[in-house]
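The lines below spell out each chain.
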Amino acid sequence: MARVKFVCGNWKMHKTLGEAVALVDGLLASPIPHVEVGIAPPFTALHAVSKRLAGSKLVLAAQNLHFEAEGAYTGEVSAAMLADVGCRYAIVGHSERRQLFGETDAGCGKKVGAALRGGLRAILCVGETLAEREAQRTLEVVGRQLEAGLAEVEAGRALDVVVAYEPVWAIGTGKTATPAQAQEVHAFLRGRLAARFGAELASQLRLQYGGSVKPGNAAELFSQPDIDGGLIGGAALDVPSFLAICKAAG
Ligand code: PGA
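Residues numbered from 1 in each chain as written. Predicted model: local features only at pLDDT ≥ 70, side-chain atom pairs only at ≥ 80, totals over all residues. Heavy atoms only, no water.

If you check the shell around the ligand, you find 13 residues, and the closest are Lys12, His94, Glu166, Gly172 and Ser212. Between the ligand and the protein, one listed contact pairs an oxygen atom with a side-chain N or O atom of Lys12 at 2.7 Å. In the model, an oxygen atom of the ligand is placed 2.9 Å from a nitrogen or oxygen of the Gly233 main chain. When the ligand is considered free in solution it has 280 Å² of accessible area, and contact with the protein chains removes 97% of it. Taken together, the residues of the shell around the ligand sort by class into four nonpolar, seven polar and two charged. (Near = heavy atom within 4 Å. Polar contact = N/O pair within 3.5 Å; in protein donor to acceptor, adjacent residues only side chain to side chain. Areas by Shrake-Rupley, 256 points an atom, 1.4 Å probe, with all protein chains shown as cover. Nonpolar A, V, L, I, M, F, W, Y, C, P; charged D, E, K, R; others polar.)

Turning to helix H2 (residues 43-53), a few remarks are in order. For H2, every residue scored as buried is listed here: Ala45, Leu46, Val49, Ser50 and Leu53. The buried residues of H2 occupy one face: seen down the axis, they fall within an arc of 140°. Turned more than 90 degrees off the buried face of H2, the exposed positions are Thr44 and Lys51. In this fold, the buried residues of H2 make contact with helix H1 (17-28), strand S2 (36-40), strand S3 (59-62), helix H3 (79-84) and strand S4 (87-92). Just downstream of H2 lies Gly55, where phi reads positive at about 85°. (Buried < 20%, exposed > 50% of the residue type's maximum accessible area, 1.4 Å probe, protein only. Helix = DSSP H or I, 4+ residues; strand = E, 2+ residues; numbered from the N terminus. Arc of directions from axis to C-beta. Contact = heavy atoms within 4.5 Å.)

All right, on to the environment of Leu189 then. Looking at the secondary structure, you find Leu189 in helix H8 (residues 179-197). Along the primary structure Leu189 and Asp84 are separated by 105 residues, whereas in three dimensions their C-alpha atoms are 32 Å apart. Filtering out sequence-adjacent residues up to four positions away, Leu189 remains in contact with Val126, Val142, Leu146, Val163, Tyr165 and Leu207.

What follows is about unusual backbone geometry. At Lys15, a residue that is not glycine, the phi angle is positive and equals roughly 90°. Relative to the helices and strands, Lys15 resides in the loop between strand S1 (6-10) and H1. For Lys15, a relative accessible area of 25% corresponds to the partly exposed category. Phi is positive for Gln136, close to 60°, though the residue is something other than glycine. Position of Gln136 relative to the elements: it lies in the loop between helix H6 (130-134) and helix H7 (138-149).

Let us look at the packing of aromatic side chains. One pass over the structure, following the stated rule, counts two aromatic pairs. Directly above the ring of Phe67 sits Lys110, whose terminal nitrogen or CZ lies 4.1 Å from the centroid. (Phe/Tyr/Trp six-rings, centres within 6.5 Å; stacked < 30°, edge-to-face > 60°. Lys NZ or Arg CZ within 6 Å of the ring centre and 35° of its normal.)

Take the environment of Gly127 next. Relative to the helices and strands, Gly127 resides in the loop between strand S5 (121-126) and H6. Take Gly127: its relative accessible area is 11%, and that puts it in the buried class. Setting aside chain neighbours within four positions, we find Gly127 in contact with Val141, Val142, Gln145, Tyr165, Glu166, Pro167 and Val168.

Here we take up the side chain of Asp160. Position of Asp160 relative to the elements: it lies in the loop between H7 and strand S6 (161-165). Classification of Asp160 as buried rests on a relative accessible area of 18%. Within the structure, the side chain of Asp160 is placed 3.2 Å from the side chain of Arg121, a separation counted as a polar contact. A polar side-chain atom of Asp160 sits 2.6 Å from a polar atom in the side chain of Arg157. Once you skip the residues sitting within four places of it in the chain, Asp160 turns out to touch Leu116, Arg121 and Ala122.

Keep in mind these values describe shape, not function.
Spelled out as structure tokens, the structure:
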């Protein structure tokens with residue numbers, strides 16, 4: 001069964017309410033190609049954007065969640081709250097969360113588990129730093145992040161996980177992994193997924209690439225055999241560039 005490509009825009013800490021609604025209205029005004037397309041606005045815009053998305057094929061994602069179902073966790077948001085506002089996905093373990101907010105491999109595993117229990121799908125991000133790549137540790141690092149991130153995932157829920165390979169050195173830097181570099185890591189990840197869940201499920205799981213994906217490089221990246229779409233940062237903040245990337249996946 002062919003995997004449906006999935007392109008998701010990660011808006012990070014951008015867009016006030018008015019700006020978020022204007023961006024989503026711009027996307028809705030254009031034909032969306034026959035791939036799955038998601039957007040992850042900041043928490044403050046989720047409700048308004050969710051209302052705008054009603055009846056459309058665009059899906060809503062959150063950029064983060066807490067691993068507990070509820071409780072005294074000031075400033076945090078649960079999976080159930082995100083599902084309630086209309087999210088279908090939550091991004092887990094983005095490298096900015098790992099590097100700037102101290103998120104650990106084990107914590108990411110708990111968040112993926114919480115997302116699935118709370119009725120969401122998870123986009124689990126993995127990726128090596130430049131120092132790790134130069135030390136030839138890329139596969140070791142992404143393998144460790146993958147295993148920890150999937151700690152609470154049963155085979156029956158495997159297809160509710162999307163894995164995003166995002167080399168840290170490519171995020172927001174304008175440096176993209178070459179299609180061959182990205183494909184090598186994606187093939188490795190799919191092999192690990194096959195060892196964990198079996199070849200059949202692994203062949204259906206979707207693996208996104210992220211890190212300076214732009215309209216000019218998206219088609220070549222997405223045509224690699226194990227790259228099933230992308231997680232898009234900067235280029236998702238603008239209607240024409242995000243749509244061009246979505247079309248490149250179609
Ligand atoms: P970028 O970000 O496209 O701006 O490099 C990608 C990401 O962080 O998901």
